[in-house]
Amino acid sequence: MGSFWRAAFVTVFCVCAAPTHNPALAGLQTLPLARFCERLESALNRESKADLNSLVAQDVLSDLEPRYESFRVDFPNAKWAVEPAEPLADGRPTLLVHVTGTVTIGSLKYQLKAQKQMAIRLEKGKLSSQEVLSQQSLLRSGKRLLKVTLNIPDVVLAGNRYEIDFIVDEPLGQAMLVGGLINLSDDQQLATFKLHNLHLAPLGGGGLFKSVRAPQRPGSQTWGMMLVHPDGIVTATKHVQILNRLAEKTRT
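These figures come from a predicted structure and were not determined experimentally.

Focus: the overall build of the chain
A count of helical and extended segments in the chain gives 5 helices and 12 strands. Looking at the chain as a whole, 46% of its 252 residues are labelled buried. By element, 52% of the accessible surface of the chain is carried by carbon and sulfur atoms, the whole surface being about 12100 Å².

Here it is, written out as structure tokens:
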């Protein structure tokens, strides 16, 4: 169970190398981004360690590989899709990673859907660093998968308040809905996520709605959320960038 919940809240590419904003880095690419994405997608889906070794620098791979292997144990039928995205204004290439999978625990079947956009650095065709730009995941169980919307900004200003809305898209009638929210520390993201750390309380109609404050210093926050309803459970994570100025957001 511990490894499973870690996989639910932390996808394989969760560790970010220190961001580098040098436009000249784009010139270090020796493999076209589209081709790199194709090869990375193939390696992840084929579980090919040899291919990953050829695509990911050793210092990044040493942390990535155990996460990947743990994730594949929990979601052996996971499917990966990797595609190029728009480059940043500073010249760095970006890519989108989509992951889907299912797992059955006891009488409950869980379905995972996660996506992440990353700015990357390629050196001699290998991934040498990455920076998370946006990330979220949904893990749902039950015979009837509850339709939900995660309405949380990707980027906020340091010290500002912002809204976290985990919205149920369909009426539940008289059904009771409980849920909770937790700001995941680095240790909680990297280690087993324990459910008792998340306090659940009855919710009003429509879902979970919270107003939170960003830290005073730039960085990031990662939120873990859960909704429990009569038909099952929905958990979600969301990565939020914290910037001093929105002008620092370097997407084109």
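Once the structure has been displayed, the description carries forward.
Points about unusual backbone geometry
At Glu47, a position not held by glycine, the phi torsion is positive, near 55°. Residue position: Glu47 is located in the loop between helix 2 (33-46) and helix 3 (49-55). Positioned with a positive phi, Lys124 is a non-glycine residue whose angle comes to about 55°. Mapping Lys124 onto the fold places it in the loop between strand 3 (108-123) and strand 4 (126-141).

Focus on the side chain of Ser48
Among the secondary structure elements, Ser48 is positioned in the loop between helix 2 and helix 3. Residue classification places Ser48 among the buried positions, given a relative accessible area of 10%. Within the structure, Ser48 has its side chain in polar contact with the backbone nitrogen of Asp51 (distance 3.1 Å).

Remarks on the pairing of strand 3
Note: strand 2 (residues 94-105) against strand 3, 12 bridges, orientation antiparallel. Paired with Val99 across the two strands is Ala114, which belongs to strand 3. Between strand 2 and strand 3, which pair antiparallel in sequence order, lie 2 residues; one of them, Gly106, sits at a positive phi of approximately 65°. Where strand 3 lies against strand 4, 14 bridges are found, and the strand directions are antiparallel. What sits directly across from Leu112, in strand 4, is Leu139. In sequence, strand 3 turns back onto strand 4 through a hairpin of 2 residues, with Lys124 there showing a positive phi of about 55°.

Focus: the pattern of salt bridges
Applying the stated criterion across every chain, the model contains 9 salt bridges. In this structure, Arg72 engages Glu47 in a salt bridge whose closest nitrogen and oxygen atoms are separated by 3.2 Å. Taken as a pair, Arg72 in helix 4 (residues 58-74) and Glu47 in the loop between helix 2 and helix 3 lie far apart in primary sequence, 25 residues in all. Exposure remark for Arg72: the relative accessible area of 7% places this residue in the buried category. We note a salt bridge from Arg92 to Glu131, for which the minimum N-O separation is 2.6 Å. Of this pair, Arg92 sits in the loop between strand 1 (79-85) and strand 2 while Glu131 is found in strand 4, placing the two residues 39 residues apart along the sequence. Accessibility expressed as a relative area gives 12% for Glu131, which makes it buried. What emerges from the salt-bridge pattern is a single network uniting Asp90, Arg92 and Glu131.

A closer look at the nonpolar core
Residues Phe36, Trp80, Leu95 and Ile120 are the most contacted members of the largest nonpolar core, which totals 34 residues. Counting only elements with at least two residues in this core, the list comes to helix 2, helix 3, helix 4, strand 1, strand 2, strand 3, strand 4 and strand 8 (178-184). Not counting residues within four places of it along the chain, the set of residues in contact with Leu95 comprises Phe36, Cys37, Val82, Glu83, Pro84, Ala85, Lys116, Gln117, Met118 and Ile120. Counting residues in each nonpolar core, the second largest holds 22 residues, with Trp223, Met225, Leu227 and Ile242 among its members.

Here we look at the environment of Ser62
Here Ser62 lies in helix 4. Judged by relative accessible area, Ser62 falls into the partly exposed class, the value being 45%. Within the structure, the side chain of Ser62 is placed 3.0 Å from the backbone oxygen of Asp59, a separation counted as a polar contact.

Conventions adopted
- Residues numbered from 1 in each chain as written.
- Predicted model: local features only at pLDDT ≥ 70, side-chain atom pairs only at ≥ 80, totals over all residues.
- Heavy atoms only, no water.
- Helix = DSSP H or I, 4+ residues; strand = E, 2+ residues; numbered from the N terminus.
- Buried < 20%, exposed > 50% of the residue type's maximum accessible area, 1.4 Å probe, protein only.
- Areas by Shrake-Rupley, 256 points an atom, 1.4 Å probe, with all protein chains shown as cover.
- Polar contact = N/O pair within 3.5 Å; in protein donor to acceptor, adjacent residues only side chain to side chain.
- Pairing = 2+ DSSP bridges.
- Salt bridge = Lys/Arg side-chain N within 4 Å of Asp/Glu carboxyl O.
- Core = buried A, V, L, I, M, F, W, Y, C linked by side-chain atoms within 4.5 Å.
- Contact = heavy atoms within 4.5 Å.

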